[in-house]
Amino acid sequence: MTPKRRKQISSADDPIVPVTPVTSSEPSIAPRRSTRLTPATPQDSKMASLHQQSLNFYVKERTGASNSPLSVLKFPASPPVTEPEKKRRRRDNSTASTVKRNDKSRNAKRKVYYRKVVFDGVEFSPGDDVYVKRRDDASSDDEDPEYEECRVCFKPAGTRIMIECDECLNGFHLKCLKPPLNEVPEGDWICNYCAARKLGKPVKFPEPPVGKKMSRTAREKLLSSDLWAARIESLWKDVEGTFWWRARWYIIPEETAVGRQPHNLRREVYQTNDFADLEMESIIRHCFVMSPTEFSNAGNEGDDVFFCEYEYDVKWDSFKRISELDNDKDNVKGDDSDHDWDSCDNTDSRSEDEIEYDDEMKKSPSSKAFSSRSLAANSRKGHIFGLQKIGAKKIPEHARSRNQTDLERAKAALLLATLPESLPCRDREMNEITTFIKGAICDEQCLGRCLYIHGVPGTGKTMSVLSVMKNLKSEVDQGALRPYCFVEINGLKLPSPEHMYSVIYERLSGHKVGWKKALQFLNERFCEENNSVKDKRPCILLVDELDLLVTRNQSMLYNILDWPTKPNSKLVVIGIANTMDLPEKLLPRISSRMGIQSLCFGPYNYQQLQEIISTRLRGIDCFEKLAIEFASRKVAAVSGDARRALEICRRAAELADYARKRSKKDLKYGKIIVGMADIEAAIKEMFQAPHIQVIRSCPKLSKILLAAMVHELYKTGLSETTFDKLATSVQCFCSTNGESFPGHDALLKVGCKLGECRILLTEPGERHKLQKLQLNYPSDDVTFALKECKDIPWLAKYI
Amino acid sequence: MGAANVAEEAKRLLRTRITDPSFVFSFFSQNSNSNYSNLKYIISSSVTETCNNSALLMGPRGCGKIAILELVLEELMKEHPGMISVIKLNGLLHGDSKCAMKEIARQLCLEHELVFSKMASYDDNSTFLMSMLRECGLAHKTLVFVLDEFDLFTQGKQQLLYNLLDALQTLTSQAVVVGVSCRMDADQLLEKRVASRFSHRKLLFLHPSSEDLQRLTKHILQLSTDSGLPNDYVATFNTRLYKLLADEKFKGIIDTLAYVDATISHLLKFLFCAVSLLDSKSGILSLDIFKSALQRVQRQPKMESLKDCSILELYILVCIKRMEAKEQDTCNFNSMMKEYKSIHDTFQTSDYYARNVCLRAFEHLLDQHLLSFEDGKGHGQSTEFRPVKLLVTWPELHLALKSHRSCPTVLHKLMMDREG
């Protein structure tokens, strides 16, 4: 799983074209630059102190930059005086090709935002990652070799294949190595120099030929903090016509508070929550910062590839994983139609405001800071303020270990939370849902469209609907389908059934109102003939756990199911619940509106369960086939609940892993296979009721009491007995068998303890003699548990 | 240091040990296949492998469920400082989902130094919880929810459990829900949709065996040389202890203790009693100490209050017993007085008291719960007319009469009368 990269720069016409606005495009090797020639890697201690310094400078400067960008950004050397004229013209050309965005923020009058800006022939758009010039480094950024040279022969890659060392990131021609390699090896590769250094030998890299100075690539400069990298958040033109962009900085591990941690990758950077507004001139060229999955898939992107998994909070010095789901969402939004762009824009500008506000907070005297602190995190307003605080001070080692064992991968794949790529065994149902929704949306007059989905828990009801919606969403994105809005509510997640209205209204309109008001608005929207609602899109309402919305007069359900029957409502309702007979339980006027369209998710049979488990475990070979079958047969026989089947397998894997860890043997050679025994243990834990074990471990007096209960039950035939009678027979048992009888009070206590464990059902102990007792489990279970009791062999004759 | 001082010091040390659950239960952590290591594995795998989990700890009260859990959490917090935050809920306090959600938010805020608002609604609190789960998951922090008295969370719609367990189905969160319950049927109480989301990992805490109790006693009482006590004292103390542990009589005492109640908490109570009885002069354990401790632990409250009864109260009890034996359907103060009078007439006893005196005695018995009103009948009537029942069994009453200091013989006779 190690994300690694083999560099295979094959020819000079590599797709990455370095364009800085001012530098000449050919890579000139400047002999005059000699100050920072030493390779960045070997001297860490010296670097660290340097970085510490630079960090201080860096933070200070950036906060300043975000407030008054103009004052900070001076680029002494780079832009020739004649350039701006040309550039401005070019920019004017570029405006034509950009898409204007409406912006409702307060900056709207001054700024014009663009989705794409062509600057010096290179397109930039929000979301791109770029190198940024560093002010104090102005002297050295006028040359920028974009091709890395072989570390041995100091010639560029040319047509020959180069390989990158995973340790020092230097490039080597395959042929220049000793011994030479014929092809790029699989797995991690470390060059001879690093290998030698690791062994503690003194290492001397080959000296560059005379007359040729070593030049550093942008990547090297970045990793030694001579350059910055940032992500373009937005692009705009201000009143004077200059182009600006908002940068979200990346930071290298050395610049964080904890410094480089041993598990950091060489090409790792962190995203920060630090922003700055900069002029376009500051951009050098594109680079590529990738998420872990992108990084492991990346092959031939060149040298400017970086790995970013964490976000670094500059205020709190803490780390946080970047959720990949979010990135997906962003991408989807980015590709959306104009309309969607608008909505996304709103959120953008809001967060922007928030940030500016934040900055003001930082500057302003304590009175304002105090007001921000007094905002509670759990109230609606406080969410933004509090939660940034949460973050790890240090990324834990275990989170980064990439060599998972098969078992660990299996466990991760079997997690309920893991979303499988495909949902096997529910094709028919999903098709039905798809046709239902499509039919409803495409129809101009979608009247009375309701679908009731029922089935026992764990049969994939919600998951199927959600995956159908995901598919439809991608169809909408492709333009094959009319856009619609999708509202999902869950009956059990609402504080009370009435809250449903406000939740639906909030999802539809984005405003939060009380439920009565919301009901009124919703009625207006769905019921009135010629309503003035702008949003004419059909609305799909998914109500999970529908049965929880059944109130005394069932008005919730009536409303939900009545709206679709109105001519202009354009509402489609999908209800999900466990019970099959929910429509029958409802009032007739509701069940008639519910219609006849219902879909049943039957419990999975064992083949289906087996398929579900094996699709999840595809590519991971650590389960016996029979074991999977055994687990699925067992679950299919009991409930057909897929969750349960997955949990059994996960538990079995856990047990196997646990056994391995306990034995502490180094099992790198022998592979662990989860077998029948593990599955059986997991099933036993899950399904076996624990009362028999508890009865067996009970103190003696409890056992005698239970035996007396059973005895009493057989004698009288009544399941219920009183303490009075029980005490008499216990006393009788004890005296005939030579056990001591510790007294009624002790016996009462024992009875109450058993009652606490619900082995007996008892009345409160204060009723003493009159207390009624009853076995909570079948008497056979008790008999079975007590039959072969070693402490009190004589019990057997009474039961 | 004087001898008395040393003994006092030893006593103090032993008492601290007994009252410190983490010391007592560290005994169980040495065993490799114990609940301790199982639980630790489950929680730590969630910490290190970024996954969600849920488990249920079941077992009779006093077997150390919470203690073991605390021990595990403490250990893991040491291993992963700052990565685990624990939220503790108790079914007795937070059985209502609204209140529970608020408490969760409060504890989360406290843990992460955020500002908490009491005014936040259920909705706000649950969104807060969801975003916290997400943020903590992203920061590799594990949230551990401990639900004590798990069975009480299953009352009502089980909204809290559904929400918590459903939140565990998302990939970004990293949380463990640990339920603790003494009910054996706790997992059966879950609603179907909640049960389906629950992982059904169950850890069963059983009564320790008598060997375990013996070893635990040794673990607790044994003094070590680095405890700051004089070496020769420690040596004598320990040799004496080993001798005691090997003694059959001592084993007998432990067995008698375990005969009624074999839980760890009961043993601890017993040992605490024994240590408190330690002679502060010699400071050496002896069999007598344990014997008297056993007597103190195994008390018979009903029996003792019977023994303290006055003669008149005994008369009243016997009268009611006789009437119950005759199977008269109801018995109240007036009918009791009739019986009392008839006894007095037949046997010409010396102690006959006026009606109001008898009423006082009768009320006293009611207060002591030796008698009780029959439920459901005659509410609102005055004491004299409400039907009552005897709350002690006849054999108990008999025994009490026998062991009473000054019980008149008539009563014995009356008692034997009907039993035949």
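Residues numbered from 1 in each chain as written. Chains lettered and ligands numbered in written order. Predicted model: local features only at pLDDT ≥ 70, side-chain atom pairs only at ≥ 80, totals over all residues. Heavy atoms only, no water.

### Re the sheet that holds strand β14 (residues 449–455) of chain A
Residues and elements named next belong to chain A.
Argument step 1. Reading across from one edge, β15-β16-β17-β14-β18 is the order of the 5 strands in this open sheet, with parallel pairing throughout. Strands at the two margins of the open sheet, each flanked by one partner only, are β15 (485–490) and β18 (598–601). Going from strand to strand, the sheet's axes swing by 15° on average, the running direction of each strand aside.
Argument step 2. Strand contacts of helix α14 (residues 461–478): β14, β15, β16 (539–544), β17 (571–577) and β18, with the helix running at about 150° to β17, the strand carrying the most contacts. (Pairing = 2+ DSSP bridges. Helix = DSSP H or I, 4+ residues; strand = E, 2+ residues; numbered from the N terminus. Axes fitted to C-alpha atoms, helices over the stretch in contact; angles between N-to-C directions. Contact = heavy atoms within 4.5 Å.)

### Overview of the packing of aromatic side chains
Argument step 1. Applying the stated criterion across every chain, the model contains 22 aromatic pairs over all chains.
Argument step 2. Aromatic side chains A:Y505 and A:F521 sit 5.0 Å apart centroid to centroid with 20° between the ring planes, which places their arrangement in the stacked category. With A:Y505 in helix α15 (residues 499–509) and A:F521 in helix α16 (residues 515–527), this pair connects stretches of sequence that are 16 residues apart.
Argument step 3. Centre to centre, the rings of A:F733 and A:W794 are 6.5 Å apart; their planes meet at 85°, and the pair counts as edge-to-face. In this pair, A:F733 is assigned in helix α26 (residues 723–737) and A:W794 in the segment after α28 (779–787), connecting sequence segments 61 residues apart. Accessibility assignment for this pair places A:F733 and A:W794 in one class, buried.
Argument step 4. Through a chain of ring-to-ring contacts, the aromatic side chains of A:Y501, A:W515, A:F526 and A:W563 assemble into a single cluster.
Argument step 5. One residue, A:R633, lies across the ring of A:Y606, its end atom 3.7 Å from the ring centre.
Argument step 6. Seen from the ring of B:F373, B:R386 lies directly overhead, with NZ or CZ sitting 4.0 Å from the centre. (Phe/Tyr/Trp six-rings, centres within 6.5 Å; stacked < 30°, edge-to-face > 60°. Buried < 20%, exposed > 50% of the residue type's maximum accessible area, 1.4 Å probe, protein only. Lys NZ or Arg CZ within 6 Å of the ring centre and 35° of its normal.)

### Considerations on the packing of α15(A) against α16(A)
All names here are of chain A.
Argument step 1. Interaxial distance between α15 and α16 falls to 8 Å at its minimum, and their mutual angle equals 55°. Taken together, the axes of α15 and α16 lie oblique to each other. The two elements α15 and α16 cross, and the hand of that crossing is left-handed. Taking contact as the criterion, the partners of Y501, S502, I504, Y505 and L508 in α15 are, on α16, W515, A518, L519, F521, L522, R525 and F526.
Argument step 2. Tallied by class, residues from the contact of α15 with α16 come to 10 nonpolar, 1 polar and 1 charged. (Parallel < 35°, antiparallel > 145°, perpendicular 65-115°, else oblique. Left-handed = near helix turned anticlockwise from the far one by under 90°. Nonpolar A, V, L, I, M, F, W, Y, C, P; charged D, E, K, R; others polar.)

### Remarks on the sheet that holds strand β19 (residues 720–722) of chain A
Residues and elements named next belong to chain A.
Argument step 1. Pairing is antiparallel in the open sheet, where 3 strands are placed in the order β19-β21-β20. The open sheet has two edge strands, β19 and β20 (760–762), and neither has a second partner. Across the sheet, the mean angle from the axis of one strand to that of its neighbour is 30°, orientation sign disregarded.
Argument step 2. Across 3 bridges, β19 lies against strand β21 (residues 772–775) in antiparallel orientation. From the neighbouring strand, E720 faces β21, where its bridge partner is Q774.
Argument step 3. Set on the sheet, helix α25 (residues 700–716) makes contact with β19, β20 and β21; between it and β21 the angle comes to about 85°.

### Details of unusual backbone geometry
Residues and elements named next belong to chain A.
Argument step 1. A positive phi angle is found at E545, which is not glycine, with a value near 50°.
Argument step 2. Along the chain, the position of E545 falls in the loop between β16 and α17 (555–562).
Argument step 3. According to the relative accessible area criterion, E545 is buried, its value standing at 5%.
Argument step 4. The phi dihedral of H768 falls on the positive side, at around 45°, and the residue is not glycine.
Argument step 5. With respect to the secondary-structure elements, H768 resides in the loop between β20 and β21.
Argument step 6. On the basis of relative accessible area, H768 is assigned to the buried category, the value being 1%.

### Section: the interface of chain B and chain A
Argument step 1. Taken residue by residue, the interface counts 93 residues in chain B and 92 residues in chain A.
Argument step 2. Interface area for chain B against chain A, summed over the two sides, is near 8100 Å², with a carbon-plus-sulfur share of 53%.
Argument step 3. It is B:Y41, B:R193 and B:Y259 that lose the most area in chain B upon contact with chain A, and together they represent 11% of the buried surface on that side.
Argument step 4. Taken together, the links from chain B to chain A amount to 11 salt bridges.
Argument step 5. A salt bridge links B:R193 to A:D547; the shortest N-O distance between them is 3.1 Å.
Argument step 6. The interface formed by chain B and chain A includes 37 residue pairs in polar contact (both at pLDDT 80 or more).
Argument step 7. Looking at the side of chain B that touches chain A, the element that brings in the most residues is helix α7 (residues 122–138) of chain B, giving 13 residues.
Argument step 8. Residues that form the side of chain B that touches chain A fall into these classes: 38 nonpolar, 31 polar and 24 charged. (Buried area = accessible area lost by both parts, 1.4 Å probe. Salt bridge = Lys/Arg side-chain N within 4 Å of Asp/Glu carboxyl O. Polar contact = N/O pair within 3.5 Å; in protein donor to acceptor, adjacent residues only side chain to side chain.)

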